[in-house]
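# A closer look at the structure
For reference, the chains in residue letters:
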Amino acid sequence: MFGQIVIGPPGSGKSTYCKAMAEFMKTLGRKVAIINLDPANDALPYACNADIFELITIDDAMDSVGFGPNGGLIFCIEYLEKNLDWLKERLAKLEGHYLLFDCPGQVELYTHHDSMRNIFSKLTVDWKHRLAVVHLVDSHYCSDPGKFISVLLTSLSTMIHIELPFVNVLSKADLIEKFGRIPFNLDFFTEVQDLSFLLEHFSEDPFFQKYRKLNEALISVIEDYSLVSFEVLHVEDKESMLRLMKSVDRSNGYNFQSKEESNFQLLMSMAAGGDFEYDKIAKIQENFIGKKEPDYHAEMDS
């Protein structure tokens, strides 16, 4: 079976994405199933086909072993790893479905803890599912150079640790300038172009000057690997969803079925313009990004 492993920090829109993508794919004729693997998410916006709450919850872990929220979440994922027969039984009932795995948001589960990687390996290597990782990150981090560098490092570390086809996504594109203007055109952030411009743009800020050498070293690591780039997502926009779906399909090798192909061609004909590679930037740039140069010093002082 084909599918997506949806990860990202808390609040990045994973569950909303799973709901929206499932609905979007169903309009194309795909049979879609959502599997919730987050033992702390008790307010799902969708009807899931398998739920880790059947196996364990974070409250169970916290009450039984006395852990806090972070330790409890890791305990739950380790418990899932040791009880994968439960997941295998649930997936056996979903034969022929396209799978969306809604995963926990705790970052260390994907950067250096092994349980999630082992679970993904079992899904892909042993059970032969064709899965790609969709890594959601809030787009408003583009307005803060320090946070954007952190996002790049987290994305790179996760990609290297998980070792699966990977699509990084700047989510909530409509909120990209919620906390301030972005200093460059959107393609600077999606294509992760020459990051030294970030340092030059904020060279007068005393805080960034203090850690300039550190930031230069971090940027050097990111550019040496040259692995990270981003898609842009606005879940309420069908063209945005279509482009991301195509990107993920290329990553996991999914081929359209005959019914899907006709529906897909219809969506393509309704999309404005034909140059999607350009349009994915132009439409977001035009709709959600202003032209005024931001005053980051005033924001930081406040």
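Predicted model only: the values in this text are computed from it and were never measured.

### Topic: the overall build of the protein chain
The number of helices and strands found in the protein chain is 15 helices and 7 strands. Here the protein chain holds 302 residues, and the buried ones make up 50% of them. Working note: accessible area of the protein chain is about 14400 Å², and carbon and sulfur atoms make up 50% of it.

### Describing the packing of helix α7 (residues 145-162) against helix α11 (residues 212-225)
Where α7 contacts α11, the two axes come as close as 10 Å, and the packing angle between them is 40°. Classed by the angle they form, the pair α7 and α11 counts as oblique. For the element pair α7 and α11, the recorded crossing hand is left-handed. Across from I149, L152, L153, L156 and I160 in α7, the residues of α11 making contact are N215, L218, I219, V221, I222 and Y225.

### Describing the pattern of salt bridges
A complete count under the given rule lists 10 salt bridges for this structure. Residues E177 and R181 are paired through a salt bridge, measuring 2.9 Å at the closest nitrogen-oxygen approach. What makes R181 partly exposed here is its relative accessible area of 31%. Within the structure, one salt-bridge network assembled from shared partners comprises E54, E89 and R90.

### Side note on the pairing of strand β1 (residues 2-7)
When you tally the buried positions in β1, you get 5 out of 6 residues, the bulk of the element. Taken together, the 6 bridges between β1 and strand β5 (residues 130-138) define a ladder with parallel strand orientation. Directly across from F2, in β5, lies its bridge partner R130. Sheet topology note: the β1/strand β4 (residues 98-102) ladder contains 4 bridges and is parallel. Bridge assignment links G3 to a residue of β4, and that residue is L99.

### With respect to helix α12 (residues 238-252)
The end-to-end C-alpha separation of α12 is 21 Å, in line with the 21 Å expected for 15 residues at 1.5 Å each. Of all 15 residues in α12, 11 are buried, a share of seventy percent or more. Those residues of α12 that sit buried are E239, S240, M241, L242, R243, L244, M245, S247, V248, D249 and N252. G253 sits one or two residues past α12 and shows a positive phi near 80°.

### A look at the environment of D42
Here D42 shows up in the loop between β2 (32-36) and β3 (50-51). A relative accessible area of 65% means that D42 is categorised as exposed. As a C-alpha pair, D42 and I58 span 16 residues in sequence and 9.8 Å in three-dimensional space.

### Re the packing of aromatic side chains
In total, this model carries 8 aromatic pairs according to the counting rule given. Between the aromatic rings of F2 and Y254, the centroid separation amounts to 5.3 Å while the plane-to-plane angle is 90°, which identifies the pairing as edge-to-face. Taken together, the residues F2 in strand β1 and Y254 in the loop between α12 and α13 (258-270) connect sequence positions 252 residues apart. Residue classification places F2 among the partly exposed positions, given a relative accessible area of 24%. Among the aromatic residues, those joined into a ring-pair cluster are F148, F184, F188, F189 and F230. When the ring centre of Y98 is taken as origin, the NZ or CZ atom of R30, which lies over that ring, is 4.9 Å away.

Here is what the cut-offs are and how they apply
- Residues numbered from 1 in each chain as written.
- Predicted model: local features only at pLDDT ≥ 70, side-chain atom pairs only at ≥ 80, totals over all residues.
- Heavy atoms only, no water.
- Helix = DSSP H or I, 4+ residues; strand = E, 2+ residues; numbered from the N terminus.
- Buried < 20%, exposed > 50% of the residue type's maximum accessible area, 1.4 Å probe, protein only.
- Areas by Shrake-Rupley, 256 points an atom, 1.4 Å probe, with all protein chains shown as cover.
- Axes fitted to C-alpha atoms, helices over the stretch in contact; angles between N-to-C directions.
- Parallel < 35°, antiparallel > 145°, perpendicular 65-115°, else oblique.
- Left-handed = near helix turned anticlockwise from the far one by under 90°.
- Contact = heavy atoms within 4.5 Å.
- Salt bridge = Lys/Arg side-chain N within 4 Å of Asp/Glu carboxyl O.
- Pairing = 2+ DSSP bridges.
- Expected span 1.5 Å × (residues − 1).
- Phe/Tyr/Trp six-rings, centres within 6.5 Å; stacked < 30°, edge-to-face > 60°.
- Lys NZ or Arg CZ within 6 Å of the ring centre and 35° of its normal.

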